[in-house]
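Residue-level structure breakdown
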Amino acid sequence: AKTRGRNSIHYFTENMSTDFLKRMEMIDDLRTAVEQQQFHLVYQPIVDLRTHQITKAEALIRWHHPQKGMISPIEFIPIAEEIGLIVEISEWIFNQVSQQAHEWRQRYCANLSISINTSPVQYRNEGKLVKAWADSLIAQGISSEAISIEITEHLLMENQAEVVEALEKLRQQGITISIDDFGTGYCSFSYLKNFAFDYLKIDQSFVQNMSIDNNDAALCEAIIVMAGKLNMQVIAEGIETEEQKQLLVAAGCTLGQGYLLSKPLSVADFEQLLIKQNQ
Ligand code: C2E
Ligand code: CA
Ligand code: CA
Ligand code: CA
């Protein structure tokens, strides 16, 4: 046992230092990525499950590292949040998305709305940042309906009062708000009592188990009914099979997103989809 203990300590410290070095390297790489604009955005359609009409999409960030290839946002967003670099990255996302949405609304789809994922840091200082966003939209002559904001329950957990106040300002200016990954946090329901969201996104873990687990199906159905009563529209995330889609439609869900409907698309591919939709 003694030997094993010593080995595991050795293993642990060694592991810790590689983790530490990896982290330092990631931080370095992230700073370079911002300087050299190594990021781009993809757009995943959010579809009307009955008509297949597309009037919404979610913007998702992609990082193509020149040597290491694609790095998932699940890996780098949390680190960008910790070191505060997310503020700069989000500024860029917001400008990209609002201009893109504006252009597509004028050319192909007058009621298009594109949602942006946001992080807790962006709501600090009485929501100064988000307020500046809304003002810059208006200054550029872009409709507030072109943009929608997604927040997670984790974000609300950090500082509910401050976040809710900032969101309230955005909503007054006509920007719609979604609660993302609904059902994965610790006390989802209390947030719904304190703030009126426009959209509720059912987390993909529920959707994907719908056809194999009766509990997940029951939860999805209950969430859809509840959202309706609270005047929120439901968006089901991560729809991968026809069966999941049918079950959701039967439960009264009208909007969905997932690989069955479309993967996240490049600007050019999303534009083709909008053009085809107009023909
Ligand atoms: P999320 O906001 O929940 O985004 C949905 C994720 O599910 C995306 O992964 C999307 O590509 C993926 N997805 C869509 N349909 C399906 C499906 O049918 N099956 C499966 N298995 N997955 C599907 P992605 O793009 O890797 O993003 C992961 C997470 O990273 C996002 O989760 C979000 O939390 C974060 N993220 C992505 N882009 C941004 C961003 O621009 N800003 C911030 N702050 N976070 C972002
Ligand atoms: Ca999201
Ligand atoms: Ca989500
Ligand atoms: Ca998620």
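Residues numbered from 1 in each chain as written. Chains lettered and ligands numbered in written order. Predicted model: local features only at pLDDT ≥ 70, side-chain atom pairs only at ≥ 80, totals over all residues. Heavy atoms only, no water.

Let us now look at the coordination of the calcium ion (ligand 2). Coordination of the calcium ion (ligand 2) by the protein comes from Glu58 (OE), Asn117 (OD1), Glu150 (OE) and Asp180 (OD), over a distance range of 2.2 to 2.3 Å. Considered as a linear motif, the donors of the calcium ion (ligand 2) on their single chain read E-x58-N-x32-E-x29-D. Between the calcium ion (ligand 2) and the calcium ion (ligand 3), both coordinated by Asp180, there is a metal-metal distance of 3.9 Å. A residue pair is termed long-range when its members are at least 10 positions apart, and Asn117 in strand S4 (residues 113-117) and Asp180 in strand S6 (residues 176-182) qualify at 63 residues. Asn117 gets classed as partly exposed once you look at its relative accessible area, which sits at 32%. With a relative accessible area of 5%, Asp180 lands in the buried category. (Donors = N, O, S within 2.8 Å, 3.2 Å for Na, K, Ca; no water. Helix = DSSP H or I, 4+ residues; strand = E, 2+ residues; numbered from the N terminus. Buried < 20%, exposed > 50% of the residue type's maximum accessible area, 1.4 Å probe, protein only.)

With five of seven residues buried, S6 is to be regarded as a mostly interior element. Here five bridges tie strand S5 (residues 147-152) to S6, and the two strands are oriented parallel to one another. Each bridged residue has a counterpart across the sheet, and for Ile149 the counterpart in S6 is Ile177. Across three bridges, the pairing between S6 and strand S7 (residues 199-202) is parallel. If you follow Ile179 over to S7, its bridge partner there is Leu200. (Pairing = 2+ DSSP bridges.)

Protein-derived coordination of the calcium ion (ligand 4) comes from Asp181 (OD) and Asp181 (OD), at a distance range of 2.6 to 3.0 Å. Between the calcium ion (ligand 4) and the calcium ion (ligand 3) the interatomic distance amounts to 3.9 Å, and Asp181 serves as a bridging ligand to the pair. Note on placement: Asp181 falls in strand S6.

It is worth spelling out the pattern of salt bridges at this point. All told, the structure shown has eleven salt bridges when counted by the stated rule. Residues Glu82 and Arg23 are paired through a salt bridge, measuring 2.8 Å at the closest nitrogen-oxygen approach. With Glu82 in helix H2 (residues 73-82) and Arg23 in helix H1 (residues 2-35), the pair connects residues that are 59 residues apart, well separated along the chain. Owing to a relative accessible area of 54%, Glu82 belongs among the exposed residues under this scheme. Note on Arg23: relative accessible area 30%, which makes it partly exposed. (Salt bridge = Lys/Arg side-chain N within 4 Å of Asp/Glu carboxyl O.)

Once that is clear, we can look at the site of ligand 1. Around ligand 1 sit 22 residues in total, of which Gln44, Arg62, Asp180, Glu240 and Tyr259 are the nearest. Within the side chain of Arg62, an N or O atom sits 2.9 Å from an oxygen atom of ligand 1. Within the side chain of Gln208, one N or O atom sits 3.5 Å away from a nitrogen atom of ligand 1. For ligand 1, the accessible surface in isolation is 800 Å², of which the surrounding protein chains cover 84%. Broken down by secondary-structure element, the contributors of at least two residues to the shell around ligand 1 are strand S2 (54-65), H2, S6 and helix H8 (204-209). Of all the elements, S2 adds the most residues to the shell around ligand 1, at four residues. In terms of residue class, the shell around ligand 1 is built from nine nonpolar, seven polar and six charged. (Near = heavy atom within 4 Å. Polar contact = N/O pair within 3.5 Å; in protein donor to acceptor, adjacent residues only side chain to side chain. Areas by Shrake-Rupley, 256 points an atom, 1.4 Å probe, with all protein chains shown as cover. Nonpolar A, V, L, I, M, F, W, Y, C, P; charged D, E, K, R; others polar.)

Time to look at a nonpolar patch on the surface. Residues Phe20, Leu21 and Met24 make up a contiguous nonpolar surface patch of about 330 Å² in total accessible area. Within the secondary structure, Phe20 sits in helix H1. (Patch = residues over 30% accessible without salt bridge, like charges linked within 9 Å, V, L, I, M, F, W, Y side chains within 5 Å.)

Running from amino to carboxyl end, helix H3 (residues 86-107) crosses helix H11 (residues 267-278) at an angle of 25 degrees, the nearest separation of the two axes being 11 Å. Classified by the interaxial angle, the pair formed by H3 and H11 is roughly parallel. The crossing of H3 and H11 is right-handed. For the pair formed by H3 and H11, the contact residues are Gln100, Glu103, Trp104 and Arg107 on the first element and Val267, Phe270, Glu271 and Leu274 on the second. Among the residues forming the contact of H3 with H11, the class breakdown is four nonpolar, one polar and three charged. (Axes fitted to C-alpha atoms, helices over the stretch in contact; angles between N-to-C directions. Parallel < 35°, antiparallel > 145°, perpendicular 65-115°, else oblique. Left-handed = near helix turned anticlockwise from the far one by under 90°. Contact = heavy atoms within 4.5 Å.)

Spatial relationships are all this shows, so hold off on functional conclusions.
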